[in-house]
Amino acid sequence: MCLICAATTVLAEEAIFLGQPKLLQEHGAGEGPVWHPQLGLLTSGEGNINRRDLSGLTSVYRRDAGSNGLLFDRQGRLIVCENRRRRVIRIEPDGSVTVLADSYDGQKFNQPNDLTIDSKNRIYFSDPQYGDRSGMQMRDPEGREIEGIYRIDPDGQVDRIIAHEVDRPNGLIVTADDRFLFVADNNNALGGARKLWRFELRSDGTPDLASQTLIHDWKTTRGPDGMKLDQSGRLYVAAGLNQPHLPQETADPPTAGIYVFSATGTQIGFVAIPRDETTNCAFGGEDAKTLFVTAGGTLWSIPTAVPGYRIR
């Protein structure tokens with residue numbers, strides 16, 4: 001049975017999705033979708049932070065942002081991974097910018113990519129390096145390049161919590177109970193890792209590195225990118241591609257879509273997105289039962305049976 005056919009059977013049994021993906025936009029939604037009850041949906045795309053309001057009208061929310069991952073904290077402030085400026089910022093209610101992190105141990109970050117927040121308002125972000133690596137500064141004492149994961153505490157302290165345990169961290173998320181940290185390991189170079197990992201988190205916000213568990217391996221196709229949780233603890237992961245990027249990434253059969261994993265890490269669903277490549281997702285809508293998906297600059301929506309998890 002083909003992957004999509006098998007997944008459709010599982011989806012029917014689990015009632016994860018209540019309809020097929022619907023195309024909303026052809027442009028402007030490259031990455032970082034995040035929902036706000038008054039603003040609507042924000043996405044990173046075409047160098048800007050773009051807005052799709054509650055009526056579906058689109059506009060530029062923040063021009064020349066150079067952003068990737070977006071997140072609203074519990075005070076409603078927008079936290080932004082500015083990968084172009086190699087920093088993580090917070091946009092205050094008056095529009096001013098607070099730089100939360102732009103370096104570690106005197107070394108500039110690579111490309112802050114995605115972020116998540118735990119119940120104690122500690123922010124975690126990934127720092128991979130895609131493309132040209134000549135400007136990388138992040139290295140360990142032995143001179144090895146570091147594509148790591150960092151935690152920003154409410155008092156402003158920044159700590160590196162993962163250095164070499166994953167190949168190239170991309171999306172990440174902390175579970176609602178602060179028990180686990182999921183990490184998308186997505187190295188698009190030839191032979192790179194395309195894996196989803198789970199780490200147990202200690203109460204101090206550091207992962208137990210010995211607990212590292214492989215949840216899924218995409219092998220030679222494009223690996224996992226952004227991810228979100230629903231209120232049942234299920235994990236929705238954007239991954240895959242429909243056109244091969246040879247020799248480093250294959251697509252036979254096409255793999256682009258949303259992969260759903262149970263709270264215990266078993267894959268229980270998949271829905272295909274017919275664009276190349278699937279990059280991220282976020283729950284939104286008045287009832288939080290719409291999954292918005294970014295794919296190659298396009299934006300899609302899928303109705304879900306269970307609402308998405310919202311920080312409170």
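Residues numbered from 1 in each chain as written. Predicted model: local features only at pLDDT ≥ 70, side-chain atom pairs only at ≥ 80, totals over all residues. Heavy atoms only, no water.

(A) Expanded view of the overall build of the chain. Looking only at helices and strands, the chain has one helix and 26 strands in total. Relative to the globule expectation of 20 Å for 312 residues, the C-alpha radius of gyration of the chain, 18 Å, shows essentially globular dimensions. Per-residue burial over the chain gives 55% buried out of 312 residues. Look at the contacts in the chain between residues 6 or more apart in sequence, and 47% of them connect residues 24 or more apart. (Helix = DSSP H or I, 4+ residues; strand = E, 2+ residues; numbered from the N terminus. Rg over C-alpha atoms; globule rule 2.2 N^0.38 Å. Buried < 20%, exposed > 50% of the residue type's maximum accessible area, 1.4 Å probe, protein only. Contact = heavy atoms within 4.5 Å.)

(B) View of the sheet that holds strand S26 (residues 297-303). Spatial strand order, S1-S26-S25-S24: four strands in an open sheet with antiparallel pairing. Edge positions in the open sheet fall to strand S1 (22-29) and strand S24 (278-284), since each of these has one partner strand only. Shown here is a sheet whose adjacent strand axes are inclined to one another by a mean of 25°, direction ignored. Relative to S26, strand S25 (residues 290-295) runs antiparallel, the two being bridged by six bridges. Residue pairing in the sheet places Leu291 in a bridge with Ile302 of S26. (Pairing = 2+ DSSP bridges. Axes fitted to C-alpha atoms, helices over the stretch in contact; angles between N-to-C directions.)

(C) Just the layout of surface pockets, in detail. Quantified by volume, the largest pocket comes out at close to 700 Å³. Lining the largest pocket are 30 residues, with Val34, Leu71, Tyr309, Arg310 and Ile311 positioned closest to its centre. Listed by contribution, the elements that provide at least two residues to the lining of the largest pocket are strand S2 (31-36), strand S6 (70-72), strand S12 (115-117), strand S16 (169-174), strand S20 (224-229) and S24. Here the element with the most residues in the lining of the largest pocket is S2; it accounts for five residues. (1 Å grid on protein atoms, 1.4 Å probe; cavity = no way out; pocket = protein on both sides within 12 Å on 5 of 7 lines; lining within 4 Å. Points joined across faces, edges and corners; volume = space filled by probe spheres on them.)

(D) Quick look at the side chain of Glu92. You can see Glu92 is positioned in the loop between strand S8 (87-91) and strand S9 (97-101). A polar contact of 2.6 Å, which involves the side chain of Glu92, links it to the side chain of Thr98. Those residues within four positions of Glu92 in sequence are excluded, and the remaining contacts are Arg77 and Thr98. (Polar contact = N/O pair within 3.5 Å; in protein donor to acceptor, adjacent residues only side chain to side chain.)

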